[in-house]
Amino acid sequence: YELFKNTYPNSYQDILDTYEELNMLSDAPQTIAQRTQTFQKLYRRVGSILDGAAARQGFEAALVMCGNIVNEDSSLSHIHMTPGTGGFFEKRCRASDDAIIGHMKAHVYNTTSLAAVEQAFKAT
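Before going into details, it helps to say that this report is about the structure given with it.

Turning next to the overall build of the protein. When its secondary structure is counted, the protein shows 5 helices and 2 strands. Walking the protein from its N terminus toward its C terminus, one meets helices and strands in the order α-α-α-β-β-α-α. Computed over its C-alpha atoms, the radius of gyration of the protein comes to 18 Å, more than 25% above the 14 Å expected for a compact globule of 124 residues. Taken along its principal axes, the extent of the C-alpha atoms in the protein is 50 × 45 × 25 Å. When each of the 124 residues of the protein is scored for burial, the buried share is 23%. Partitioning the contacts of the protein with sequence separation of at least 6, the portion at a separation of at least 24 is 49%. Roughly 8900 Å² of accessible area belongs to the protein as shown, and the carbon and sulfur atoms make up 56% of that amount. Side chains of the protein carry 11 positive and 14 negative charges; the gap between the two charge centres is 5 Å.

Written out as structure tokens, the structure is:
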């Protein structure tokens, strides 16, 4: 571990955090509570990265996230806006954050459904 830290002194913690996140996002079965915890942790991590990039480099972002399992992920959705993008959806898309989340969920659920049907017909 010390050798790893010495080899990557400026990025070892990011490497370990990324490894942990990827491990959590693996295909291993999760309970709904575990999936919710994984989603929330990812949202906080991505939001923190975006906020840091906005503060340090002036990179702005509008992020919409949701889960793709219809019957389990209804509460898994978030919008994150960096300071320079505040009000973007209302001004440019004429839609509230809730409406944008609704559209995103509808799109993701439809895409997931179509992929499942396509996969089922390929298997036959």
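Turning our eyes to something else, we now look at helix α3 (residues 32-57). Over its 26 residues, α3 extends 37 Å from the first C-alpha to the last, a length consistent with the 38 Å expected when each residue adds 1.5 Å. Just past α3, the residue glycine 58 takes up positive phi, approximately 75 degrees.

For the structure on display, the rule yields 2 aromatic pairs. With a centroid separation of 5.4 Å and 55 degrees between ring planes, the pair formed by phenylalanine 4 and tyrosine 8 is classed as tilted. Tyrosine 8 sits in the partly exposed class, given a relative accessible area of 40%. On the numbers, 5.4 Å between centres and 65 degrees between planes, the contact of phenylalanine 88 with phenylalanine 89 is edge-to-face.

Another point: the pairing of strand β1 (residues 62-66). Along β1, 4 of the 5 residues are buried, which leaves the element largely enclosed by surrounding structure. Across 5 bridges, the pairing between β1 and strand β2 (residues 77-81) is antiparallel. When the sheet's bridge partners are listed, methionine 65 is paired in β2 with histidine 78.

One can find glycine 87 in the loop between β2 and α4 (88-92). Relative accessible area serves as the criterion here: at 25%, glycine 87 is assigned to the partly exposed category. When the C-alpha atoms of glycine 87 and alanine 62 are compared, they prove to be 9.8 Å apart, with 25 residues separating the residues in sequence.

Quick notes on the rules
Residues numbered from 1 in each chain as written. Predicted model: local features only at pLDDT ≥ 70, side-chain atom pairs only at ≥ 80, totals over all residues. Heavy atoms only, no water. Helix = DSSP H or I, 4+ residues; strand = E, 2+ residues; numbered from the N terminus. Rg over C-alpha atoms; globule rule 2.2 N^0.38 Å. Buried < 20%, exposed > 50% of the residue type's maximum accessible area, 1.4 Å probe, protein only. Contact = heavy atoms within 4.5 Å. Areas by Shrake-Rupley, 256 points an atom, 1.4 Å probe, with all protein chains shown as cover. Lys, Arg positive; Asp, Glu negative; His and termini not counted. Charge placed at Lys NZ, Arg CZ, Asp CG, Glu CD. Expected span 1.5 Å × (residues − 1). Phe/Tyr/Trp six-rings, centres within 6.5 Å; stacked < 30°, edge-to-face > 60°. Pairing = 2+ DSSP bridges.

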